Structure formats: structure tokens, C-alpha cells
Amino acid sequence: MNRFVKPSFPVLCLLALLAPSAVPAQTPAAPSLTQKPPPITLGKVTLSASAAFPDNQPIRSGLVWRVYEDKGDTTQPLIIARSSSPTPNFTLSPGNYIVHVAYGFAGASKRLSIQAGDLSERLVISAGALKLKGAVGDAPIPPGRLTFSVYVPLGSNSEGRLVLANAKAEDVIRLPEGTYHVVSTYGDANAIMRADLKVETGKVTEATLNHRAATVTLKLVAAEGGEAFAGTAFSVLTPGGDVIREAIGAFPSVTLAEGDYVLIARHEGKVHTREFKVESGLDRDIEIVAKP
């Protein structure tokens, strides 16, 4: 016969303390769909590039970098990266590449085979620069009135190969090391000076080309010092008859090399002439008095 024994009150209290308490379940936070994951560059290689002169002096400005994919055939290489930083970092996939750096008209290039790991390359450029000015006597010529052309001499021809035309005064012209023939034009007529200049690696060669020229203002007048006739057609010729400059107006100006000239003025069907002389540094009016 089974007998049921009623537990005492202390036992019930102990069981109540040992029973697990009800704890509400916590739901894990859902990830935000607006957060962007960090970029993953699987298999990428970082190429750190720099350039220097042969004496190991780093080049810190004026560089343009281009990275080409090297397909190893005759097809045109494809540019895949470029930078104007003096020390760029390029992130590339493993493969074959051509790295080229330009320093003005000078440059260097190198073929690279990139497989794994970061890579550092320094390219050596044998180059310097020219910085050109012009003057008449001790008076500097305004930069806006000067242009320069730079040539590489070939044999006995000082203007063998044109490197740069219409360069401006004060520009830094970066060139490979060597000797160059420079032609300076003052104005737009025949005031021209020439010089042979040497470019040395890592140096800026500054040169001032001295012109022997002057600017004259052409006028056709009824009397000396009188008002100029508008719409006059002028021609400036050498004594031998070669046309140096033509202009139309009441008082056009022309810059000419020193020497002797003939001026012809045409107005209302009449032709007027005179001879004149240009002296270096002496800017003045050249008048023709119209005869009745």
C-alpha cells in the first residue's frame, strides 16, 4: 500500500529557490543594410614609383606617370593608370606592365613583371631644363612679346629637328641632357636672335637673348606731327625689295631688327614712300607726309 507523504513547508521553499527563473529571450540585432563593407583587393599588388637624376637627386615636380598593360605583341599598349604625383602608388593585378615617366620632353620607362608582394621602383632620367628671357640692351622685353623655338641640331643643320615651337618667356622647358639651338622672336616680324645652349642633368639653364631691335609706329600724315590718315595700307620692305611686314590702319606698330628699310603707304589710290633706319632700343614714329 502506497502512502503519500506531504512535504513540509521548508522543503517547498527550498524547491522554489532552486527552480530556474524565467528570463525573457533576447533577439540578436540585425545588421544594417546601409553599411558598406570594407574594400577587398584580392591578389592586388602596390607599385610605389619615384624618379631621380643620375646623381640620385630625387625629382620632386614636373613628372607625369603612365602605366601600360604589356601584352608582349605589336598592338598599341593600353594605359591603365596615370598620375602627376612625384611618388605615386599604383594598385595593380599580377601581370606584365610598362611604367613610363615623362619629365617635359625627357623620360624613362621600364618593363615590369608583377606577381605578388608590394614593389618599389625608381626610374632614372638624364634631363635638365631651360628658362628663357629676352632683352634689348639693359631693358627686359615683356614676356608676352617673345616666343622661342627649340631645336636639336643635326650635323651642320642647327635647326635639324624642332622640339618645341612658340614657347613663352619664363617657362621652364624640361629637356633631355644635350645641346640645343634656340631661336627667339621679338614681335611678329624680323627681330630674331639665336643661341646654342647646353642643358645639364639636374640643372635649370637660364638664358637671356639680347635683341638688337626697336618698335616703330607707322603713320601717313598731311603734315609733320599731324593726324594720321585712317585705313592706310603699309608695307615695310628691305632695300632689296623683300617684304618684311604689312599692316592696315591709322598708326600700326611693328617691331623690326636694326637696319635700313623702305616704307610704302597706300591711301585713296595714291602711293607714298620713304626710307628710314631702325636703331636698336630707339622706339619712335615713322611718318610719311602725303604729297598733294
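Each remark here, short or long, concerns the structure printed above.
All figures in this text were calculated on a predicted structure; none of them were measured in a lab.

Student: Just checking my understanding: could you explain the overall build of the chain for this structure?
Tutor: A count of helices and strands for the chain gives one helix and 22 strands. Out of the 292 residues belonging to the chain, those deemed buried represent 34%. In the chain, once contacts between residues fewer than 6 apart in sequence are set aside, the share between residues at least 24 apart is 57%. Summed over all atoms, the accessible surface of the chain reaches about 18,300 Å², with 53% contributed by carbon and sulfur.

Student: Explain the sheet that holds strand 16 (residues 213–221) to me, please; I cannot follow it from the model alone.
Tutor: Strand pairing in a sheet relies on backbone hydrogen bonds. The paired strands run either parallel or antiparallel. Here we have three strands laid out as an open sheet, ordered 19-16-22, and mixed in their pairing. A strand with exactly one partner marks an edge of an open sheet, and here the two such strands are strand 19 (253–257) and strand 22 (284–289). Across this sheet, the average inter-strand angle for adjacent strands is 35°, counted without regard to direction.

Student: Looking at this structure, how should I read the pattern of salt bridges?
Tutor: If you walk through the whole model with that rule in mind, you get eight salt bridges. Note that Arg194 and Glu159 form a salt bridge whose closest N and O atoms lie 2.2 Å from each other. On the criterion of sequence distance, the pair formed by Arg194 in strand 14 (residues 191–199) and Glu159 in strand 11 (residues 157–167) is long-range, its members being 35 residues apart. Residue Glu159 is classed as partly exposed on the basis of its relative accessible area of 30%. The salt bridge partner of Asp260 is Lys277, with a shortest N-O separation of 3.4 Å. Of the two residues, Asp260 is situated in strand 20 (residues 259–267) and Lys277 in strand 21 (residues 270–278); the sequence distance between them amounts to 17 residues. Note on Asp260: relative accessible area 44%, which makes it partly exposed.

Student: Can you help me understand the environment of Gln115 in this one?
Tutor: Locating Gln115 in the fold gives a position in the loop between strand 6 (106–114) and strand 7 (119–124). If sequence neighbours within four positions are ignored, Gln115 has contacts with Val45 and Pro94. A polar contact is formed between the side chain of Gln115 and the side chain of Ser113, at a distance of 3.1 Å.

Student: Would you take a moment to explain the environment of Arg174 for this structure?
Tutor: In this fold, Arg174 is placed in strand 12 (residues 172–176). On the accessibility criterion, Arg174 (23% relative accessible area) is partly exposed. On a C-alpha basis, the gap between Arg174 and Phe105 in space is 5.9 Å, while along the polypeptide they are 69 residues apart. Among all residues touching Arg174, those that are not within four sequence positions of it are Ser61, Gly62, Tyr103, Gly104, Phe105, Ala106, Gly128 and Ala129.

How each quantity is defined
Residues numbered from 1 in each chain as written. Predicted model: local features only at pLDDT ≥ 70, side-chain atom pairs only at ≥ 80, totals over all residues. Heavy atoms only, no water. Helix = DSSP H or I, 4+ residues; strand = E, 2+ residues; numbered from the N terminus. Buried < 20%, exposed > 50% of the residue type's maximum accessible area, 1.4 Å probe, protein only. Contact = heavy atoms within 4.5 Å. Areas by Shrake-Rupley, 256 points an atom, 1.4 Å probe, with all protein chains shown as cover. Pairing = 2+ DSSP bridges. Axes fitted to C-alpha atoms, helices over the stretch in contact; angles between N-to-C directions. Salt bridge = Lys/Arg side-chain N within 4 Å of Asp/Glu carboxyl O. Polar contact = N/O pair within 3.5 Å; in protein donor to acceptor, adjacent residues only side chain to side chain.

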